[in-house]
Amino acid sequence: MAERTFSIRIITPERVFYEGTAVMAEFNTSEGEIGVYAGHIPMTVILKPGVLTLTEEGGQKKAALHTGFAEILQDSITILAEEAEWPGEIDIARAEAARERAEARIREHKADTDIARAETALQRAMARINTLR
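Residues numbered from 1 in each chain as written. Predicted model: local features only at pLDDT ≥ 70, side-chain atom pairs only at ≥ 80, totals over all residues. Heavy atoms only, no water.

Novice: Could you give an account of the overall build of the chain, with specific residues and numbers?
Specialist: A count of helices and strands for the chain gives two helices and ten strands. Each helix and strand of the chain, placed in order from N terminus to C terminus, yields the pattern β-β-β-β-β-β-β-β-β-β-α-α. Considering only C-alpha atoms, the chain reaches an extent of 55 × 30 × 25 Å along its principal axes. Buried positions account for 39% of the 133 residues belonging to the chain. Within the chain, residue pairs in contact and separated by at least 24 positions form 51% of the contacts whose partners lie at least 6 positions apart. With the model as given, the accessible surface of the chain reaches about 7700 Å², and the carbon-plus-sulfur share is 50%. (Helix = DSSP H or I, 4+ residues; strand = E, 2+ residues; numbered from the N terminus. Buried < 20%, exposed > 50% of the residue type's maximum accessible area, 1.4 Å probe, protein only. Contact = heavy atoms within 4.5 Å. Areas by Shrake-Rupley, 256 points an atom, 1.4 Å probe, with all protein chains shown as cover.)

Below you can see the structure in the form of structure tokens.
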């Protein structure tokens, strides 16, 4: 018996990143990680940087998903993301360097350092790194 699926569309300012059907979608929100199946209660959530896992009938796909919003309906999800990247689009050396820079800014905590911005940069770098793991 086939599992129930829902449509999912992920849009960034540059492109329609993904359009298809899934059995389950997992991603980070401002309230924590969420897993969505068909028939989920309708809601809107704020995205936090992290790994997006799409479970399709034929397997899983992973991507780095950055800040944005998601509208969850019983039969669909629409994600409006600042940025989304497939593993093949991620430069691991650049992500590691960004992680190191962000950690250094947080650790040094200079008076002119925007800690919230440094923490977001760290989350974005870790989303990229964890997508490749």
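Novice: Tell me about the packing of helix α1 (residues 92–108) against helix α2 (residues 115–132), and please be specific about residues and values.
Specialist: It is the contact of α1 with α2, at a shortest axis distance of 8 Å, that shows an interaxial angle of 150°. One finds that α1 runs roughly antiparallel with respect to α2. α2 is crossed by α1, and the crossing has left-handed handedness. Across the interface between the two elements, Ile92, Ala95, Glu96, Ala98, Arg99, Ala102, Glu103, Arg105 and Ile106 from α1 touch Ile115, Ala118, Glu119, Ala121, Leu122, Ala125, Met126, Arg128, Ile129 and Leu132 from α2. Residue composition of the contact of α1 with α2, grouped by class: 13 nonpolar, no polar and six charged. (Axes fitted to C-alpha atoms, helices over the stretch in contact; angles between N-to-C directions. Parallel < 35°, antiparallel > 145°, perpendicular 65-115°, else oblique. Left-handed = near helix turned anticlockwise from the far one by under 90°. Nonpolar A, V, L, I, M, F, W, Y, C, P; charged D, E, K, R; others polar.)

Novice: Lay out the environment of His66 with the relevant residues and their values.
Specialist: As for its placement among the helices and strands, His66 is situated in the loop between β7 (59–65) and β8 (68–72). The spacing of His66 and Glu19 is 47 residues in sequence and 17 Å in space, taken between C-alpha atoms. With sequence-adjacent residues up to four places away left out, His66 is seen in contact with Leu47, Pro49, Ala81, Glu83, Ala84, Glu85, Arg124, Ala127 and Arg128. Separated by 3.1 Å, the side chains of His66 and Glu85 make a polar contact. (Polar contact = N/O pair within 3.5 Å; in protein donor to acceptor, adjacent residues only side chain to side chain.)

Novice: Which residues make up the packing of aromatic side chains, and what are the values?
Specialist: Applying the stated rule across the entire model yields two aromatic pairs. For the pair Phe17 and Trp86, a centre-to-centre distance of 4.4 Å together with 20° between the ring planes defines the contact as stacked. Here Phe17 is found in strand β2 (residues 16–22), whereas its partner Trp86 is found in the loop between β10 (84–85) and α1, with 69 residues between them in sequence. Accessibility expressed as a relative area gives 6% for Phe17, which makes it buried. Since its relative accessible area comes to 22%, Trp86 is described here as partly exposed. Their ring planes at 70° and their centres at 6.2 Å tell us that Tyr18 and Trp86 sit as a pair that is edge-to-face. With Tyr18 in strand β2 and Trp86 in the loop between β10 and α1, the pair connects residues that are 68 residues apart, well separated along the chain. The class of Tyr18 is buried, set by a relative accessible area of 8%. Through a chain of ring-to-ring contacts, three or more aromatic side chains come together here, namely Phe17, Tyr18 and Trp86. (Phe/Tyr/Trp six-rings, centres within 6.5 Å; stacked < 30°, edge-to-face > 60°.)

Novice: Tell me about the side chain of Arg128, residues and numbers included.
Specialist: Position of Arg128 relative to the elements: it lies in helix α2. Exposure remark for Arg128: the relative accessible area of 13% places this residue in the buried category. Of the polar contacts made by the side chain of Arg128, one reaches the side chain of Glu85; its length is 2.7 Å. With sequence-adjacent residues up to four places away left out, Arg128 is seen in contact with Ala64, His66, Glu83, Glu85, Ile90 and Ala95.

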